[in-house]
Amino acid sequence: MDGTWTLEPSVESAEPAQIVEPTWTPERIASLIELWEEGVTTAEIGRRIGVTKNAVIGKVHRIGLVPRVVKELPPPKRNVFEFTGPACMWPIGHPDADDFHFCGDQPLGGKPYCAHHAAVAYIRPKEEKKPQAA
């Protein structure tokens, strides 16, 4: 030995390499473009063509598809529980309606409702009849 060494090819490296199919075939790219233009979400596009959402996003950027316009979001519903102090909690309207709110008037002491709504909410017990003496 002269102090040099060489790497002999092993049996493993001599075998032909496995062919790896590309992730982005022309068919997948065509499907991506079509689904993108239809407005399908990136996650759904990925599920349909067999890649991840992030792969879809990356390919969209690389091929230069037009970014989607984010639709204007409706204004957030106001927090119906924002009160500055004690308030009547009588609900007015349906909770799904935009104009749903609580009464908000001054409640009776120890009660969640104002005098008007407490009169509606609470039923006074009937007085018990006293047995008559014979």
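In the block above lies the structure referred to throughout.
Now for a description of the structure that goes with this document. Owing to the predicted nature of the structure, the values given are computational and were not obtained by experimental measurement.

## Things to note about the packing of helix α3 (residues 42-49) against helix α4 (residues 53-63)
Phase 1: Two elements in contact, α3 and α4, have axes separated by 8 Å at closest approach and are oriented at 105°. The angle between the axes of α3 and α4 places the two elements in the roughly perpendicular class. Judged by residue contacts, Thr 42, Ala 43, Ile 45 and Gly 46 of α3 engage Lys 53, Val 56 and Ile 57 from α4.
Phase 2: Taken together, the residues that form the contact of α3 with α4 break down as four nonpolar, two polar and one charged.

## Let's talk about the side chain of Thr 42
Phase 1: In this fold, Thr 42 is placed in helix α3.
Phase 2: Judged by relative accessible area, which is 15%, Thr 42 ranks as buried.
Phase 3: Look past the residues within four positions of Thr 42 in its chain and what remains in contact with it is Trp 36, Lys 53, Val 56 and Ile 57.

## As for the packing of aromatic side chains
Phase 1: This structure, assessed with the given rule, holds three aromatic pairs.
Phase 2: When the ring of Trp 90 is compared with that of Tyr 113, the centres are 5.3 Å apart and the planes differ by 75°; the resulting orientation is edge-to-face. Highlighted residues: Trp 90 in the loop between α4 and β1 (91-92) and Tyr 113 in the loop between β2 (101-102) and α5 (115-121), separated in sequence by 23 residues.
Phase 3: What links up through ring pairs into an aromatic cluster is the set Trp 90, Tyr 113 and Tyr 122.
Phase 4: For Arg 68, the ring lying beneath its charged end belongs to Trp 36, and the centroid distance is 3.7 Å.

Cut-offs used in this document
Counting restarts for each chain, with residues numbered from 1 along the sequence as it is written. The predicted nature of this model means local features are confined to residues of pLDDT at least 70 and side-chain atom pairs, given and counted, to a pLDDT of 80 or more, with totals for whole chains, interfaces and linings taken over all residues. Remark: hydrogens and water are excluded; side-chain values derive from all non-hydrogen atoms of the structure. Structural elements are reduced to axes, namely lines fitted to C-alpha atoms, with helices fitted over the stretch in contact, and the angle between N-to-C directions of any two is expressed from 0 to 180 degrees. For the purposes of this entry, the term helix denotes a DSSP run of H or I that reaches at least four residues, the term strand denotes a run of E that reaches at least two, and both are numbered from the N terminus. Roughly parallel refers to an angle under 35 degrees, roughly antiparallel to one over 145, roughly perpendicular to one between 65 and 115, and oblique to any angle outside these ranges. Should any heavy atoms of two residues lie within 4.5 Å, those residues are counted as being in contact. Charged means Asp, Glu, Lys or Arg here, nonpolar means Ala, Val, Leu, Ile, Met, Phe, Trp, Tyr, Cys or Pro, and polar covers whatever is left, Gly included. For the exposure calls, accessible area comes from a 1.4 Å probe over protein chains only, and a residue counts as buried if that area is under 20% of its type's maximum, exposed if over 50%, partly exposed in between. Two rings belonging to Phe, Tyr or Trp (six-membered ring only in the last case) form a pair when the distance between their centres is within 6.5 Å. Interplanar angles under 30 degrees mark stacking, angles over 60 mark edge-to-face geometry, and anything in between is tilted. For a Lys NZ or an Arg CZ to count as sitting over a ring, it must be within 6 Å of the ring centre and within 35 degrees of the ring normal.

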